[in-house]
Amino acid sequence: MALLRRPLLLLLLIVTHQFLQFRIAFGSVNEEGQKQEEFYEELLLKPLPDRKLLTHFHFQSSAPPSTSNGRHHHLFPKAISQLVLKFQVKEMELSFTQGRWNYESWGGFDPIPSSNAKPPGVELWAVFDAPQHLIDALWKNLTHTLSGLFCASINFLESSTAYSAPDWSFPPASGKLRYGTLPREAVCTENLTPWLKLLPCRDKAGISMLLDRPSIYRGFYHSQRLHLTSTGSGSEGMDPGIILEQTLTVVLQPDSQRASLAHASEKHIQPSWSLSSIFGKQISGRCVLAETSNVYFLLDRGLVAELEHIHKENEKSEENVLISEKFWNNPSFELSAKPDRIFIEESSLLSKNASVLYKFEIEKYGESEPFDLGLFWKTPVVWLCQQAPLHANRFLMGSGNERGAIAISLKSTQSSEGFMGSNSNDERCELRVDVFQVVPWYVKVYFHSLQVFVDQQPKAVSDIIEKIHVSPSKDKVSPGVMELVLTLPCSLSSAVLTIEFDKGFLHIDEYPPDANQGFDIPSAIVSFPNFHARMVFLENDSLNKSPLLSKFQEKSPVMSYTEVLLVPLTTPDFSMPYNVITITCTVFALYFGSLLNALRRRVAEEERFLKDKAAKKMDRIPLLLSKLSAKLRGRHLEGPQAPPASSSFINSKSVLKVILIAGLAVYWQYYFS
């Protein structure tokens, strides 16, 4: 009977353990009716006009308000929860970027470039839910914590010369916002590995399995982003809810061998690709802790319009093959897998240029049948991505190491959509542009020298600039901040803003190791508040379960970053200290070497050395002749004579050397003291 009870008890323990794991991983509510932690993983693939491919990974973890989530977590990373509670972070965004987003070729009006196109290096901004006098101290502690968490030099942003406090030009601007950038920060796998450790399945299962390091860092653009939002207050002993959004945006170049073989004579053929050819891996199933695991393939408005035009010319039919039953095998391209659902942008009801989104559910795939989406182009296609109203560039003017000027150029993209965000019904159509720029303290900007040119004609500053806020820099204390609101006519073709500056001088200890390379001015932010990048799809229940598609439907202002400027400053000759150190070390080496040689030399050993040397100098033939003559004379041969110098003379000579060197040492010390 006892033998039968043991297997039953063991089986009961196994069933209980599995039930608890299932409840922890998949439970939606707890005993009190509160929502449990959730995790979503999604991937978006989008062809780009310049024969490249956009891959956008989106992971979202959420922790609801609770009395215990601050100490115990099942899916949500505990390090992020502790960071929010300790530093009273209301909203924060951290990005690591390598390369620069090409707004002309990759577009600037879509939700992805508006939210995920970041400046090179590190960008960090945070909004704190704390009194005003504590924000600077919380910011410094936050930078040190993030520096250790992501293995980066974010702690350099603790200095007051490295961060600023925008008032209203930055999109989430408020009185409790701090913003800082490190344009020269190098991005490598040491930053990606801690980012992946925040995921429940890391890179061992699910969509994150595709994150192959060599493939990612081989791309033209790579930006990993972390955005967290505190969804509630911590009053009455309740920990606030947190939504953590992790995105990785990579622009890759697919292998074009297959395309070149199939269409060797075509110039504009797009390269065919698959997940295994891009990342070297396949998706062998979803992460078991994820609520949903989906892959999306997006055809933007310009591409859809071009494909429909090609189909109408070939088939002479008005049927939309992109949403028909044969959409995965049409005259333009072929998909290797059949999508589960198709989403059409809502704007298709008013315009023919509407985006098409194909959805693939990873739940149906596993290790026996992995998911490997592939796209094969059959005909050459040329299209353009939707552009922002104005294309922003920034460059330096002037020469020399004394003065210079910063110019911000705004050029119209001549979009066919027109300026839909402006007041076109008014007699005077106006376009609003917000400009936010931070300048280091050693670039001394003269804000009164601001000039505005519209269509190459000078304009009065008061006619173009509706609102301006300037915070002059303080030497070695704080950077200079300039916030502008421009009101430009809709019919303009170009506008240029120029402002003059003087180059300051740094202390020798303030120069970086590569001072001759130059000093960086962070990217300026140009935003268009009247324009919103969003993609609204037809109502569907699955949209509510997809954080990525829900993010696309939110209204986010169109925003772009300018280039990072490299300013050469007056640099001292760093070789002079090296020369001084070298000659000083040489003199000391000669002095102590001679002193040590004189003190350690022994007289007896020197005499023995001289005797051996004199004996070796005697030749064998003279020695034999001397022996022969000694025998003939009947005398004994005497050994070699010692050198004429006596031992007393040698001793006195050594003593004089020691006295002379000691005297030189005393004189040297007295002279330099």
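Further up the page is the structure itself.
The following refers to the structure shown. Note that the structure is predicted; figures quoted are calculated from it, not measured.

**Examining the packing of aromatic side chains**
Part 1: Counted according to the given criterion, the structure contains 26 aromatic pairs.
Part 2: Summarising the aromatic geometry, the rings of F57 and F279 are spaced 5.9 Å apart at their centres and angled 75° between planes, so their arrangement reads as edge-to-face. Residue F57 is located in strand β2 (residues 53-63), and its partner F279 is located in helix α9 (residues 275-279); the two are separated by 222 residues in the primary sequence. Like F279, F57 is buried.
Part 3: Ring centres of W125 and F170 lie 5.8 Å apart, and the angle between their planes is 70°; this geometry places the pair in the edge-to-face category. Of this pair, W125 sits in strand β4 (residues 121-128) while F170 sits in the loop between β5 (163-164) and β6 (177-182), and the two are 45 residues apart along the sequence. Here the two residues W125 and F170 agree in accessibility, since each one is buried.
Part 4: By way of ring pairs, the aromatic residues W441, Y442, Y511, F519 and F574 are connected into one cluster.
Part 5: Sitting above the plane of the W168 ring, K467 keeps its charged end 4.5 Å from the centroid.

**A few points about helix α5 (residues 135-150)**
Part 1: Relative to the 22 Å expected for 16 residues at 1.5 Å per residue, α5 spans 22 Å between its end C-alpha atoms, a close match to the ideal helical length.
Part 2: Along α5, the residues that are buried comprise I135, L138, W139, L142, T143, L146, S147 and F150.
Part 3: Trailing α5 by a residue or two, C151 shows a phi angle of about 55°, which is positive.

**A closer look at a positive patch on the surface**
Part 1: A grouping of K197, R202, K204 and K281 is seen on the molecular surface, where their side chains present a positively charged patch.
Part 2: Here K281 shows up in the loop between α9 and β10 (292-299).

**Here we look at the state of the cysteines**
Part 1: Evaluation of the coordinates by the stated rule reveals 2 disulfides.
Part 2: Between the sulfur of C201 and that of C287 lies a disulfide, 1.8 Å long from S to S. Across the S-S bond linking C201 and C287, the dihedral sits near 65°, which makes this disulfide right-handed. Taken as a pair, C201 in the loop between α6 (189-197) and α7 (213-217) and C287 in the loop between α9 and β10 lie far apart in primary sequence, 86 residues in all. Each member of the pair C201 and C287 is classed as buried.
Part 3: Here C429 pairs with C490 through a disulfide, and the sulfurs are 2.0 Å apart. Because the sign of the S-S torsion sets the handedness, a value of about -70° for the bond joining C429 and C490 places this disulfide among the left-handed ones. One end of the pair, C429, is in the loop between β16 (403-412) and β17 (430-439); the other, C490, is in the loop between β21 (480-489) and β22 (494-503), and 61 residues separate them in sequence.
Part 4: Judged by its relative accessible area of 12%, C490 falls in the buried class.
Part 5: You can see C188 has no disulfide; the closest cysteine sulfur is in C151, sitting 8.6 Å from it.
Part 6: Since its relative accessible area comes to 31%, C188 is described here as partly exposed.

**Describing empty space enclosed by the protein**
Part 1: The full count for this structure, using the stated rule, is 8 cavities of 30 Å³ or more.
Part 2: Size it by volume and the largest cavity reaches roughly 110 Å³.
Part 3: Along its surface, the largest cavity is lined by 14 residues, and D110, R301, S355, Q386 and M535 are the ones closest to its centre.
Part 4: In the lining of the largest cavity, the residues fall into 5 nonpolar, 3 polar and 6 charged.

**Comments concerning the pairing of strand β14 (residues 374-377)**
Part 1: Burial of the side chains of β14 extends over both faces: G374 and F376 are buried on one face and L375 and W377 on the other.
Part 2: Taken together, the 2 bridges between strand β9 (residues 273-274) and β14 define a ladder with antiparallel strand orientation. From the neighbouring strand, W273 faces β14, where its bridge partner is L375.
Part 3: Here strand β11 (residues 333-335) pairs with β14 via 3 bridges, running antiparallel. Counterpart to F333 in the pairing with β14 is W377.

**Comments concerning the environment of R100**
Part 1: Summarising the element assignment, R100 is placed in the loop between β3 (89-98) and α3 (103-106).
Part 2: Residues R100 and P120, 20 residues apart in the sequence, show an inter-C-alpha distance of 6.2 Å.
Part 3: In this structure the side chain of R100 is engaged in a polar contact, spanning 3.0 Å, whose partner is the backbone oxygen of Y561.

**Some words on the sheet that holds β21**
Part 1: Pairing is antiparallel in the open sheet, where 5 strands are placed in the order β20-β21-β17-β24-β25. With one partner strand each, in any of the chains shown, β20 (465-471) and β25 (556-561) form the two edges of the open sheet. Mean inter-strand twist for the sheet, computed between neighbouring axes without regard to direction, equals 20°.

Rules of the game
Residues numbered from 1 in each chain as written. Predicted model: local features only at pLDDT ≥ 70, side-chain atom pairs only at ≥ 80, totals over all residues. Heavy atoms only, no water. Phe/Tyr/Trp six-rings, centres within 6.5 Å; stacked < 30°, edge-to-face > 60°. Helix = DSSP H or I, 4+ residues; strand = E, 2+ residues; numbered from the N terminus. Buried < 20%, exposed > 50% of the residue type's maximum accessible area, 1.4 Å probe, protein only. Lys NZ or Arg CZ within 6 Å of the ring centre and 35° of its normal. Expected span 1.5 Å × (residues − 1). Patch = residues over 30% accessible without salt bridge, like charges linked within 9 Å, V, L, I, M, F, W, Y side chains within 5 Å. Areas by Shrake-Rupley, 256 points an atom, 1.4 Å probe, with all protein chains shown as cover. Salt bridge = Lys/Arg side-chain N within 4 Å of Asp/Glu carboxyl O. Lys, Arg positive; Asp, Glu negative; His and termini not counted. Charge placed at Lys NZ, Arg CZ, Asp CG, Glu CD. Disulfide = S-S within 2.5 Å. 1 Å grid on protein atoms, 1.4 Å probe; cavity = no way out; pocket = protein on both sides within 12 Å on 5 of 7 lines; lining within 4 Å. Points joined across faces, edges and corners; volume = space filled by probe spheres on them. Nonpolar A, V, L, I, M, F, W, Y, C, P; charged D, E, K, R; others polar. Pairing = 2+ DSSP bridges. Polar contact = N/O pair within 3.5 Å; in protein donor to acceptor, adjacent residues only side chain to side chain. Axes fitted to C-alpha atoms, helices over the stretch in contact; angles between N-to-C directions.

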